[in-house]
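Commentary on secondary and tertiary structure
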Amino acid sequence: MMLETQDPHELWAQCLLNIERQVRPQSFSNWFRPTHVNRFDENQLVIQVPSLFFADWVENHYLGMIQSAVEEETTLVPKVSFVVAQASEADSVQTSPATPPAVVTRAEPSLPAAEKAAENTGDNGAGKASPAHETSLNERYIFEDFVIGEGNRFAHAMAIAVAKSPGNTQYNPMVIYGAVGLGKTHLLQAIGHHARHLDPDLKVVYVPSEKFMSDFIESLKNHNTKEFQKTYRSADILLVDDIQFLIRGEQTRNEFFHTFNALHQAEKQIVMTCDSPPGELEGLEERLKSRFQWGLIAGIDPPDLETRIAILRQKAERNGIHLPDEVAAFLGSYISSNIRELEGALIHLMAYCSIHKSELTIEAAKGIVQARGPGQTSNLTIESIQQQVAEHFNLTQDLLIGKGRKQEVTAARHIAMFLVKRLTRNPLTTIGLHFGNRDHSTVIHAVRTVEKKCKNDTSYARVVEDLSEAIRRQHAPE
Ligand code: ADP
Ligand code: MG
């Protein structure tokens, strides 16, 4: 047989026809249409799927069927494995040691490809860029992935206007304010992505204000405040996240004041986020408050039901999952305020269904509502633990969950996973999914690492115990 010279795609298409005869049409379009094949020969069949959850699901539900379809159609008995296609290769999660996907599937949002190109040239483009800051934009936070609803329509429209002509609108500075988990960071970073998409030479600096503070303190210690100032004052667009934390240090506030003035005078764009209207920030001096009011202040309100459902649909689609309307409606009405929690619930549902081998049904959704604990007595969710651990270690939640391997970040991440395992009843798979699509074995590793360190280092054990207690207390039923 000439199988080796045969096109893997054709072989796989042949197998799909076989499978299509055996499963319900809905299941086929949910779980097989989105697949691609990366390799197909006598040794290996590597199937590319849109998400780790998806891989898990297909493996659990359909592996046997795939194997027999392959054997019937090709007489080959390859080892079947799955790879996840993601926006960037660095992010790709693999369930098997297969080669990284050469093609990026529809799971990729439209902008990142252009973004990446911009980033690559941007790094040495005109020698202006500072990679350390430029790369800290999260690829997911783009306008294309931002669902517009009543609560954020204005902020979104203004953000687009600013991204299109940074520094040249009356909206300088722009302040986006709103409660936690409503999309402030997402919008802020989307401005950076879009502006750089339109002009790859722009120097976009994104910085959480805690980092602004720690960079500044570091520079004081090392006597290189000049270097610090160069980084921040040479920005074309300075994006400062969570300025409410600026109130913590007087020297930092002073430095920020001067950074602000320098940039504003040079007609460079400044965009900030804040958890309340800046005028109401206690502990911030008037000179800063008044400057924050020079430009535009845009609030984000919690999403209405329709928007919550739209967000759930969009997130499901990004994971390559079909979310039935009634399930979206159920989850959307169950979680009302925080979009991060909404995302969490969806991830939870996907993990739950994977473990219980059920479709994404309303019953399964009810199951996760129970698994997430009774809302009124405790709101101890994975997200809330992540948030508290991130705050404790002065990290952003994104960093904590992200791919970063810096030692402090990894150590904090381990503790967060450990505490989630200890304080909630979530299965390891679920916990892994909540930590940036990580595998359950990563969670086990984290838990073991923390346990071992606690045994050997009493001061470390102390930190972990105190944090655990603080989280428990904060979330204890009244
Ligand atoms: P904040 O900074 O206000 O605390 P984030 O920007 O971190 O909130 O948003 C929390 C999560 O919710 C992120 O994963 C973000 O992508 C998502 N999110 C928030 N608003 C929207 C929206 N309008 N559409 C899609 N996703 C959103
Ligand atoms: Mg934020």
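Residue positions are given per chain, counting from 1 as you read along its sequence in written order. Chain letters start at A and ligand numbers start at 1, both assigned in the order the entries are written. The predicted nature of this model means local features are confined to residues of pLDDT at least 70 and side-chain atom pairs, given and counted, to a pLDDT of 80 or more, with totals for whole chains, interfaces and linings taken over all residues. The side-chain numbers reported here are obtained from all heavy atoms of the structure, hydrogens and water having been left aside.

A short note on the overall build of the protein chain
The test is simple: Secondary structure follows DSSP: runs of H or I at least 4 residues long count as helices, runs of E at least 2 residues long count as strands, and numbering of each begins at the N terminus. Burial classes: relative accessible area under 20% of the type maximum marks a residue as buried, over 50% as exposed, and values in between as partly exposed (1.4 Å probe, protein chains only). Only heavy atoms enter the contact rule, under which two residues are in contact if any of them lie within 4.5 Å. Computed with a 1.4 Å probe, the accessible areas rest on the Shrake-Rupley method; for each residue, only the protein chains presented here act as cover.
Each helix and strand counted, the protein chain has 21 helices and eight strands in total. When burial is assessed residue by residue, the protein chain has 53% of its 478 residues classed as buried. A separation of at least 24 residues holds for 72% of the contacts in the protein chain among residues at least 6 apart in sequence. Of the roughly 22,100 Å² of accessible surface on the protein chain, 50% is carried by carbon and sulfur atoms.

Focus: the site of ligand 1
Selection criterion: Put simply, a residue is near a molecule or strand once any heavy atom of it comes within 4 Å of that molecule or strand. For the purposes of these results, a polar contact is taken to be a pair of N or O atoms within 3.5 Å, where, inside protein, one atom must be able to donate a hydrogen and its partner to accept one; residues adjacent in sequence count only when each atom of the pair is a side-chain atom. Residue polarity is assigned by list, with Asp, Glu, Lys and Arg as charged and Ala, Val, Leu, Ile, Met, Phe, Trp, Tyr, Cys and Pro as nonpolar; anything else, Gly included, falls into the polar class. Each domain span listed reflects an automatic or database assignment of domains.
In the vicinity of ligand 1 there are 19 residues, among which Gly-181, Thr-185, His-186, Arg-340 and Glu-343 approach most closely. Between an oxygen atom of ligand 1 and a main-chain N or O atom of Gly-181, the distance comes to 2.7 Å. Glu-343 has a polar side-chain atom sitting 2.7 Å from an oxygen atom of ligand 1. Here ligand 1, which alone exposes 560 Å², has 98% of that area covered by the protein. For the shell around ligand 1, the secondary structure elements donating two or more residues are helix H7 (184–198), helix H12 (305–318) and helix H14 (339–355). A per-class count over the shell around ligand 1 returns eight nonpolar, five polar and six charged. Taken domain by domain, the shell around ligand 1 gets at least three of its residues from each of domain 2 (143–299) and domain 3 (305–372).

Describing the pairing of strand E8 (residues 296–299)
Our working definition: Should DSSP find at least two bridges between two strands, the strands are taken to pair.
The two faces of E8 differ: Leu-296 and Ala-298 on one face are buried, but Ile-297 and Gly-299 on the other face are not. Of the pairings in the sheet, the one linking strand E4 (residues 174–177) to E8 comprises four bridges and is parallel in character. By the bridge assignment, Met-174 is partnered in E8 with Leu-296.

Description of the pattern of salt bridges
Put simply, the rule reads: Basic side-chain nitrogens of Lys or Arg form a salt bridge, by our definition, when they fall within 4 Å of a carboxyl oxygen of Asp or Glu.
Under the defined criterion, the tally for this structure stands at 18 salt bridges. Between Asp-41 and Arg-39 there is a salt bridge, and its shortest N-O distance comes to 2.9 Å. Classification of Asp-41 as buried rests on a relative accessible area of 18%. It is possible to trace a salt-bridge network through shared partners that takes in Arg-140, Lys-315 and Glu-343.

Examining helix H13 (residues 325–334)
In an α-helix, one turn spans 3.6 residues, which is why side chains three or four residues apart end up on the same side. To keep it simple, the criterion reads: Picture the helix axis, draw a direction to every C-beta atom, and the arc is the one those directions span.
Looking at H13, one finds that the buried residues are Val-327, Ala-328, Leu-331 and Gly-332. Taken down its axis, H13 places every buried residue within 130° of arc, on the same side.

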